[in-house]
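# Coordinate inspection notes
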Amino acid sequence: GTTSLFWYLSQHPDICASDRKEPRYFLPLSEADEGVSGILPPVEEYERCFEQCSTERYRMEATPGYFHGGPRLIQGIRTTLENPRIVIMLRDPVARIWSIYRYAKSHLLLPGNVTFGTYIQECLEVERRRRQRPIEGQAYWSIRASQYADYIEPWFDAFGDDLRVLFFEDLIDSPREIVEQLCDWLGIDRTPVASFDLSVENRSIRYRSRFLQRVALAANSEGFFRRHRRLKSRLREIYFRLNDRGGRETMPKPVRRQLELLFAAPNQRLADELTARGYTELPGWLNREPSRSEPR
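This report concerns the structure included in the present document.

The rules behind each value
Residues numbered from 1 in each chain as written. Predicted model: local features only at pLDDT ≥ 70, side-chain atom pairs only at ≥ 80, totals over all residues. Heavy atoms only, no water. Helix = DSSP H or I, 4+ residues; strand = E, 2+ residues; numbered from the N terminus. Buried < 20%, exposed > 50% of the residue type's maximum accessible area, 1.4 Å probe, protein only. Areas by Shrake-Rupley, 256 points an atom, 1.4 Å probe, with all protein chains shown as cover. Pairing = 2+ DSSP bridges. Salt bridge = Lys/Arg side-chain N within 4 Å of Asp/Glu carboxyl O. Core = buried A, V, L, I, M, F, W, Y, C linked by side-chain atoms within 4.5 Å. Contact = heavy atoms within 4.5 Å.

With that settled, consider the overall build of the protein chain. Each helix and strand counted, the protein chain has 13 helices and four strands in total. By the burial criterion, 44% of the 296 residues in the protein chain qualify as buried. For the protein chain, the exposed area adds up to about 16100 Å²; of that, 48% sits on carbon and sulfur atoms.

We now examine the pairing of strand E3 (residues 86-90). Where a strand is regular, its side chains alternate between the two sheet faces. Here E3 lies mainly inside the structure; four of its five residues are buried. Here E3 pairs with strand E4 (residues 163-167) via five bridges, running parallel. Its bridge partner being in E4, isoleucine 86 is matched across the sheet by leucine 163.

Per the stated rule, a full pass over the model turns up 13 salt bridges. Of the charged contacts, one joins arginine 85 and aspartate 162 as a salt bridge, the two residues approaching to 3.3 Å between their closest N and O atoms. Separated by 77 residues along the polypeptide, arginine 85 in the loop between helix H3 (71-80) and E3 and aspartate 162 in the loop between helix H7 (152-159) and E4 bring together distant segments of the chain. Ionic contacts of the salt-bridge type, sharing partners, join the residues Glu127, Arg144, Asp150 and Arg269 into one network.

Residues Leu90, Trp155, Val165, Leu270 and Leu274 are the most contacted members of the largest nonpolar core, which totals 38 residues. The element that contributes the greatest number of residues to this core is H7, accounting for four residues. Not counting the four nearest positions on each side in its chain, leucine 90 is found in contact with Phe67, Tyr148, Ile152, Val165, Leu166, Phe167, Phe168, Glu169, Leu270 and Trp285. Grouped together as the second largest cluster of nonpolar side chains are 24 residues, Leu5, Leu9, Met60 and Leu166 included.

In structure tokens:
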């Protein structure tokens, strides 16, 4: 959902979006990633992501990998940026893992013949070993990364009221309302939201031709197509007609039950943390009790 939210907010006249959605500037400070230096590049490299900005009140980027970075990365944000506002969007971990699997297959990051069950077994092995996020094969870190309660407390402690937690499910159900609420929180006019394009971004497909999919991914220049969104929409529609195999791939029910049981305790810890921080309207997956009579 971060791609869609990034696009929605980038349409506001008081917000200037980075030239690419994920600058990843602070990731060298991440305590979750393998092989990072612990040293930030010169800040001028980060500033170049916003060279197109002028008098807008906010500059915005969206790098989901920051969430897992730990206190060192969080402190880097606090000391580098002036009065930052932080938005964290959470999604049902089971649905998130399914989405990562489909995205990774669509973007040729997994073997074309890998099944969801096999993928989950690999993810469970990464979780069992409590590994850092690997440079290669990041898609297999999805179970480890979806235990949000392990990561969110330092963000609350560092940013307090300057942090806002959203839920993917609310964004899908009521995108305009969520964006308007964010505008109110940011202290900017909500009126422009009425004219925003609130289309869904970053759709994954089951492709017919792996070669055509590779070509399409290589041609998908974020900077160019953000400036030519109508062209991108037309080309994407044509491409889906050519290479979308169609049909609906569904998550196997036994694997879904396995994941729901796995996340029952982490989700409860997250619900307790959010409730203690004043969040009273939580999505269904934070109030769900999986049936333990069902097979694992």
